[in-house]
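# Architecture at a glance
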Amino acid sequence: MMPLRTLDLCCGAGGWAVAARGLPIKIVAAVDVAEDCCLTYAYNHPNAAVVCGDAVTTLNLRALGQIDLILGGIPCEQISAARSNKPASNDQMSAWHRLLDGVLRIVDALQPPYWCVENVIQMRHHLPPLTSYSVYDSSLYGAPQKRKRMFMGRYPAPLPVAGTHTFSEVLQPGPYYLHKTAKRCSVYSNRQWYGDGVKRLIRPDRPSPTVTDCGTRHVRGFMVRLPDGRERVLQLTEAALLQGFPADYVFVGAFSRAWKMVAQAIQVDMGRALLEGIVREANHQYGETS
């Protein structure tokens, strides 16, 4: 089959592009408003045309030609449950809704056979009526991380992957970074979220908790116990591996921004399962019509 001509909206650091490697998928344009995301994407995917700007106002849809697949990952910090103690302002929410509406208008204008846009589960409260979506946990699709996310769009259901992957698979030998306030964190109790002085220990024999973007609060709250009993924080390289990025992936920019790019990316194993389903169906339909 011919490669699926694909548009990657709000592309971030390139999680969808990593998931698409080796599949008959050609990303004809990748768009993001953040310069460090664009630089990271372009460095790791030099054959993709990266457009740095607002997808809604920057893209020339007519110049794209036929698009078979639209992918995306709209930023979620405005609606994520992880910031429940600090609601987004009205201006922030208005801008976020304009972005969501703009992405849906692009889908409507291009009418691709397939499209899939990822976000936190809370996004379902903001979707137009009758918008199709499903919720999947990445740990059931080959990821060493429990990560429930909502995927709206038009695509076949992915096939679960047999077996359980655990945090031990991504443990790095060091050297390690330790936030200076980590030792003052209290033990995790019944809170869903950690940080702000609360630590959560990761069990190496289980999938890790969800990698979230909570800045340095997250860095000092997500803890790993060393063999001698001491504790250290999750490393950026480990977080990237939990998200499915390859070990040689390069993130361009400051540490805090690199962490944000990692945490906000689609989980690559989950994305791969979704894309493989799309390719299977597209290949079947192409075979029937050829």
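Scope of this entry: the structure provided in the associated data block. (Residues numbered from 1 in each chain as written. Predicted model: local features only at pLDDT ≥ 70, side-chain atom pairs only at ≥ 80, totals over all residues. Heavy atoms only, no water.)

### Overview of the overall build of the protein
Scanning the protein from terminus to terminus reveals nine helices and eleven strands. In the protein, which comprises 290 residues, the share counted as buried stands at 51%. Partitioning the contacts of the protein with sequence separation of at least 6, the portion at a separation of at least 24 is 64%. When the accessible area of the protein is evaluated, it comes to approximately 14100 Å², of which 53% is carbon and sulfur surface. (Helix = DSSP H or I, 4+ residues; strand = E, 2+ residues; numbered from the N terminus. Buried < 20%, exposed > 50% of the residue type's maximum accessible area, 1.4 Å probe, protein only. Contact = heavy atoms within 4.5 Å. Areas by Shrake-Rupley, 256 points an atom, 1.4 Å probe, with all protein chains shown as cover.)

### What to know about the sheet that holds strand E3 (residues 50–52)
Sheet architecture is open: seven strands sit in the order E3-E2-E1-E4-E5-E7-E6, paired in mixed fashion. In this open sheet, the two strands that pair with only one neighbour each are E3 and strand E6 (133–137). Between one strand axis and the next, the sheet turns by 20° as a mean value, whatever way the strands run. Contacting strand E1 (4–9), strand E2 (25–32) and E3, helix H2 (residues 35–44) crosses the sheet at an angle of about 170° to E3. (Pairing = 2+ DSSP bridges. Axes fitted to C-alpha atoms, helices over the stretch in contact; angles between N-to-C directions.)

### Some details on the nonpolar core
One finds Ile 25, Phe 151, Phe 251 and Leu 275 to be the most contacted residues of the largest nonpolar core, which totals 52 residues. Considering every element that reaches this core, the biggest residue donor is helix H9 (residues 268–289), with eight residues. In this structure, Leu 275 is in contact with Trp 16, Ala 19, Ala 20, Leu 23, Ile 25, Leu 69 and Leu 71, ignoring residues within four places of it in sequence. (Core = buried A, V, L, I, M, F, W, Y, C linked by side-chain atoms within 4.5 Å.)

### Quick look at unusual backbone geometry
One can expect most non-glycine residues to show negative phi and most peptide bonds to be in trans. Here the residue pair Gly 174 and Pro 175 is connected by a cis peptide bond, since its omega of 5° sits within 30 degrees of zero. Relative to the helices and strands, Pro 175 resides in the loop between strand E7 (148–154) and strand E8 (186–187). Positioned with a positive phi, Gln 111 is a non-glycine residue whose angle comes to about 50°. Note that Gln 111 resides in the loop between helix H5 (90–110) and strand E5 (114–119). Phi is positive for Leu 130, close to 70°, though the residue is something other than glycine.

### Topic: the environment of Leu 226
Along the chain, Leu 226 falls in the loop between strand E10 (222–225) and strand E11 (231–233). Dropping the residues within four chain positions of it, Leu 226 is found in contact with Tyr 176 and Arg 232.

### Some points on the environment of Arg 200
Within the secondary structure, Arg 200 is located in strand E9 (residues 198–201). A sequence separation of 24 residues divides Arg 200 from Val 224, and the C-alpha atoms of the two residues are 8.4 Å apart.

### Looking at the pattern of salt bridges
Evaluated as defined, the whole model comprises seven salt bridges. A salt bridge links Arg 203 to Asp 205; the shortest N-O distance between them is 2.8 Å. For Arg 203, a relative accessible area of 41% gives the class partly exposed. (Salt bridge = Lys/Arg side-chain N within 4 Å of Asp/Glu carboxyl O.)

### Looking at the pairing of E1
Most of E1 sits out of view: five of its six residues are buried. Examined bridge by bridge, E1 and E2 share six bridges and lie parallel to one another. Bridge assignment links Thr 6 to a residue of E2, and that residue is Ile 27. Two strands pair when backbone bridges link them, and E1 and strand E4 (residues 69–73) are joined in this way by four bridges, in the parallel orientation. Bridge pairing in E4 links Asp 8 to Leu 71.

### Digging into the side chain of Asp 137
Relative to the helices and strands, Asp 137 resides in strand E6. Here Asp 137 sits buried without a salt bridge, and the closest side chain of opposite charge, Lys 146, lies 4.3 Å off (N-O distance). At a separation of 3.0 Å, a polar atom in the side chain of Asp 137 contacts the main-chain amide nitrogen of Ser 139. A polar atom in the side chain of Asp 137 sits 3.1 Å from the backbone nitrogen of Arg 147. Residues contacting Asp 137, with those up to four places away along its chain left out, are Gln 145, Lys 146, Arg 147, Lys 148 and Met 270. (Lys, Arg positive; Asp, Glu negative; His and termini not counted. Polar contact = N/O pair within 3.5 Å; in protein donor to acceptor, adjacent residues only side chain to side chain.)

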